[in-house]
Amino acid sequence: MQHNEMPPNEPPDDRFHRALVDDVHPSAWRNPKSTGKYNLVVIGAGPGGITAAREAAALGAKVALIERNLIGGDRLNVGCVPSKAIIRTARLYAEMRAAENFGGQVPGNISIGFAMVMERMRRIQARLSRADSARRLSEAGIDVYFGEARFAGSATVAVAGDILRFKKALIATGARPLTPPIPGLAEAGYLTNENVFNLTECPRRLLVIGGGPLGCELAQAFCRFGSHVIIAQDDPTFLPKEERDAAQILSDALARDGVEIHLNTTVVAVRMEGAQKIVDLESGGGKFSVSVDEILVGIGRVPNVENMSLETAGIRYDTEAGIHVNDFLQTSNKRIYAAGDVCLEHKFTHAAEASSRIVVRNALLLGRKRLSALTIPWCTYTDPEIAHVGLYVREARENAIPVKTFTVLMHDVDRAVTDGEEGGFVKIHVRDGTDRILGATVVARHAGEMINGLSLAISSGIGLRAVARVIHTYPTQAEAIKMAADAYNRTRLTPTLKSLVTRWLAF
Ligand SMILES: Cc1cc2nc3c(=O)[nH]c(=O)nc-3n(C[C@H](O)[C@H](O)[C@H](O)COP(=O)(O)OP(=O)(O)OC[C@H]3O[C@@H](n4cnc5c(N)ncnc54)[C@H](O)[C@@H]3O)c2cc1C
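Rules and cut-offs
Residues numbered from 1 in each chain as written. Predicted model: local features only at pLDDT ≥ 70, side-chain atom pairs only at ≥ 80, totals over all residues. Heavy atoms only, no water. Pairing = 2+ DSSP bridges. Helix = DSSP H or I, 4+ residues; strand = E, 2+ residues; numbered from the N terminus. Axes fitted to C-alpha atoms, helices over the stretch in contact; angles between N-to-C directions. Contact = heavy atoms within 4.5 Å. Near = heavy atom within 4 Å. Polar contact = N/O pair within 3.5 Å; in protein donor to acceptor, adjacent residues only side chain to side chain. Areas by Shrake-Rupley, 256 points an atom, 1.4 Å probe, with all protein chains shown as cover. Buried < 20%, exposed > 50% of the residue type's maximum accessible area, 1.4 Å probe, protein only. Core = buried A, V, L, I, M, F, W, Y, C linked by side-chain atoms within 4.5 Å. Expected span 1.5 Å × (residues − 1). Patch = residues over 30% accessible without salt bridge, like charges linked within 9 Å, V, L, I, M, F, W, Y side chains within 5 Å. Salt bridge = Lys/Arg side-chain N within 4 Å of Asp/Glu carboxyl O. Phe/Tyr/Trp six-rings, centres within 6.5 Å; stacked < 30°, edge-to-face > 60°. Lys, Arg positive; Asp, Glu negative; His and termini not counted. Charge placed at Lys NZ, Arg CZ, Asp CG, Glu CD. Right-handed = clockwise from strand over helix to strand, strands pointing away. Parallel < 35°, antiparallel > 145°, perpendicular 65-115°, else oblique. Left-handed = near helix turned anticlockwise from the far one by under 90°. Nonpolar A, V, L, I, M, F, W, Y, C, P; charged D, E, K, R; others polar.

Draft legend 1. The sheet that holds strand 23 (residues 437-444), seen in detail. Sheet architecture is open: five strands sit in the order 19-20-23-22-21, paired in antiparallel fashion. The open sheet has two edge strands with one neighbour each: strand 19 (378-380) and strand 21 (403-409). Across the sheet, the axes of successive neighbouring strands diverge by a mean angle of 10°, strand direction being ignored. Bridging between strand 22 (residues 425-431) and strand 23 involves six bridges; their strand directions are antiparallel. Counted as the bridge partner of K427 is T441 from strand 23. Sitting on the sheet, helix 9 (residues 244-257) touches strand 20 (385-390), strand 22 and strand 23, and the angle it makes with strand 22 is about 170°. Across the sheet, helix 15 (residues 479-491) touches strand 21 and strand 22, and the angle it forms with strand 21 is around 135°.

Structure follows, in structure tokens:
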């Protein structure tokens, strides 16, 4: 690709991409002809919409699912699946470079087969698309419609020339990348998550704008593929929501990989000079420029609320927070609900799915399930991973909740040492004077796996005393959680109790 060309809008037309499309938007698909009233019409077939449609159909409801593009939404097509697939290969390259630390030798220079990395990614997408194919959903009893949906009234949706009548509806239309109004950026061309996975050549020099999860994950991956990656973040830390020491470990890890880091830095303008993109940046009053081949924008996501005639159905929304919902995920039109990225602050696949399950209960089974009752963990899949669940210390303090924190460093955990994965920690916050877990942060190679045990504890009301009683397999990195629980248990040994025990042992 010439670098002054716009990035490709479509993935390469290979057998894997064709297999994916054949599953998630088959060209020969004929929409059903709607008859009667649907119990549930779902707009958007991302993870949120698919989950709701499947659950409702399993209950015996008459369900319609409408998708304007590819079933699977961001998760399968331009988000979780492609990013995690390439991150896996990036990790392999990093490990090959570090082979000597493990007593291995990789002869010569490691050559990166970027086109093959992306082909592997498409193969994985094609494989995972089978489960969500239009045919499978249809076999599950769901009427699948392709087309852009819009409300035709307070209880009707128009799609592809048909009008669907419903008792209840769910809006699960997701979100799209937010692009900053930087002068010259649009003219120079830029990448977002919607086209970065279409690349077949690795950019030699890449500027990543934004140090949130997307920016950090892809900055590290492209750097490991051999790009010279520059990351500009206008905050003083990466992942500003996370605890400072977690963000610092990430910053160190990116720097070790060779990413050029510019914190407290704003991109002010972009211009073309020949085939190069010259980017002007500002930091602490000073100005400087960098010259790159591609720019990847990852500064946040905006909800898809446009072109749906939401006003016609009496649905309140705004373009930043998305569809307005109450704690039962009901919109201002009582028969219409919303779930997933289009209305949630936490934009994750598992949050979209969990919120959709609430909608099915509340809309079809007279349930009173609340969004606020969910325990939603999350993870940034950098190396090391950074995962969190529950309250941060600052949130507890803001709410005047007394907190005590138990920390275990991964370099004290045998399995982390044997694996050469010692960077990171497990931090568990309890309500002071109790063993009630308020929140936890895990920074470790597999933090995303480790956080699940702590989510179970929080959502089931299991305290640290009970966690300390759980026998953890040795040696695992998850033992760090047990070690934190043991540290809590030691605080229960008051001086009086200790002196009684000592006297008993002496006796
Ligand atoms: C690069 C990247 C990496 C990510 N990694 C992770 C991760 O590791 N873990 C994680 O949990 N989350 C991750 N996410 C977030 C995750 O992808 C989203 O939270 C999730 O896909 C949201 O699901 P959803 O169903 O709400 O919306 P979406 O997945 O966005 O699906 C919405 C669907 O609605 C369709 N639609 C929109 N408007 C209409 C209309 N008017 N008519 C018909 N159809 C319509 C769209 O075409 C789309 O298919 C990542 C996101 C990105 C961008």
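Draft legend 2. Representation of the site of the ligand. Taken together, 38 residues surround the ligand, and among them G48, E67, D74, K84 and D341 come closest. Between an oxygen atom of the ligand and a side-chain N or O atom of K84, the distance comes to 2.8 Å. When isolated, the ligand has an accessible area of 1,000 Å², and the protein chains bury 93% of it. Of all the elements in the fold, those that place two or more residues in the shell around the ligand are helix 2 (47-58), strand 2 (63-67), helix 3 (73-77), helix 4 (80-97) and helix 10 (349-364).

Draft legend 3. Unusual backbone geometry, seen in detail. The linkage connecting D383 with the following residue, P384, adopts the cis geometry, with an omega of 5°. Of note, P384 is situated in the loop between strand 19 and strand 20. Residues Y474 and P475 are joined by a peptide bond in cis, for which omega reads -10°. Despite not being glycine, N307 shows a phi value in the positive range, around 60°. Relative to the elements of secondary structure, N307 occurs in the loop between strand 15 (301-303) and strand 16 (317-318). In this structure N307 comes out as exposed when scored by relative accessible area, which is 59%.

Draft legend 4. Here's a closer look at the nonpolar core. Of all hydrophobic cores here, the largest spans 60 residues; its most connected members are I66, I71, F151, L170, I171 and I323. Not counting residues within four places of it along the chain, the set of residues in contact with I323 comprises I171, V305, L310, I315, R316, Y317, T331, A338, V342 and C343. Listed in part, the 34 residues of the second largest apolar core include V117, A219, I231 and L254.

Draft legend 5. Highlighting helix 8 (residues 213-224). In this model, helix 8 (twelve residues) spans 17 Å end to end at C-alpha, consistent with the 16 Å of a helix rising 1.5 Å per residue. With ten of its twelve residues buried, helix 8 lies for the most part within the structure. Every buried residue belonging to helix 8 is among G215, C216, E217, L218, A219, Q220, A221, F222, C223 and R224, and all of these are buried. Once helix 8 ends, the next one or two residues include G226, with phi positive near 110°.

Draft legend 6. View of a nonpolar patch on the surface. The grouping of L493, L497, L500, V501, W504, L505 and F507 at the surface amounts to a nonpolar patch, some 820 Å² of accessible area in total. Assignment of secondary structure puts L505 in helix 16 (residues 495-506).

Draft legend 7. Inspection of the packing of aromatic side chains at higher detail. Inspection of the entire model under this criterion finds eleven aromatic pairs. Judged by centre distance (6.5 Å) and plane angle (85°), the ring pair of Y38 and Y145 falls under edge-to-face. Here the residue Y38 occupies a position in strand 1 (residues 37-43), and Y145 occupies one in strand 3 (residues 142-146), the gap between them amounting to 107 residues. The same class applies to Y38 as to Y145, namely buried. Between F348 and W378 the ring centres are 5.8 Å apart and the planes differ by 10°, which places this aromatic pair in the stacked class.

Draft legend 8. View of the side chain of Q330. Considering the arrangement of structural elements, one finds Q330 in the loop between strand 17 (322-323) and strand 18 (336-338). With a relative accessible area of 14%, Q330 lands in the buried category. Only 3.4 Å separates the side chain of Q330 from the side chain of Y337, close enough to count as a polar contact. Here Q330 is in contact with H324, V325, I336 and Y337, once residues within four sequence places are set aside.

Draft legend 9. Molecular detail of helix 4. Under the 1.5 Å per step criterion, the end-to-end length of helix 4 is 26 Å for 18 residues, consistent within 8% with the ideal 26 Å. Those residues of helix 4 that sit buried are V81, P82, S83, A85, I86, I87, T89, A90, Y93 and A94. Against helix 3, helix 5 (114-129) and helix 8 lie the buried residues of helix 4.

Draft legend 10. Broad picture of a positive patch on the surface. Together, K37, R165, K167 and R335 line one region of the surface with positive charge. The residue R165 is located in strand 6 (residues 162-171) in this model.

Draft legend 11. Just the pairing of strand 2, in detail. The element strand 2 is extensively covered by neighbouring structure, given that five of its five residues are classed as buried. What you see with strand 2 is no split at all: V63, L65 and E67 on one side and A64 and I66 on the other are buried throughout. Where strand 1 lies against strand 2, four bridges are found, and the strand directions are parallel. Residue pairing in the sheet places I43 in a bridge with I66 of strand 2. Taken together, strand 1, helix 2 and strand 2 form a β-α-β motif whose crossover is right-handed. Sheet topology places strand 2 next to strand 3; five bridges connect them, and they run parallel. Note that in strand 3 the partner of E67 across the bridge is F146.

Draft legend 12. Just the pairing of strand 13 (residues 286-292), in detail. In this structure, strand 12 (residues 276-283) lies alongside strand 13, joined through seven bridges in antiparallel fashion. By the bridge assignment, D280 is partnered in strand 13 with S289. The hairpin turn running from strand 12 into strand 13, its antiparallel successor, is two residues long, and G284 in that turn takes a positive phi close to 50°.

Draft legend 13. Layout of the packing of helix 4 against helix 5. Where helix 4 meets helix 5, the closest approach of the two axes is 9 Å, and the angle between their N-to-C directions is 140°. Classified by the angle their axes make, helix 4 and helix 5 are oblique. Remark: the crossing between helix 4 and helix 5 carries right-handed chirality. Between helix 4, through V81, P82, A85, I86, R88, T89 and Y93, and helix 5, the contact on the second element is made entirely by V117, M118, R120, M121, I124, Q125 and L128. Among the residues forming the contact of helix 4 with helix 5, the class breakdown is ten nonpolar, two polar and two charged.

Worth remembering: the numbers are spatial, not functional.
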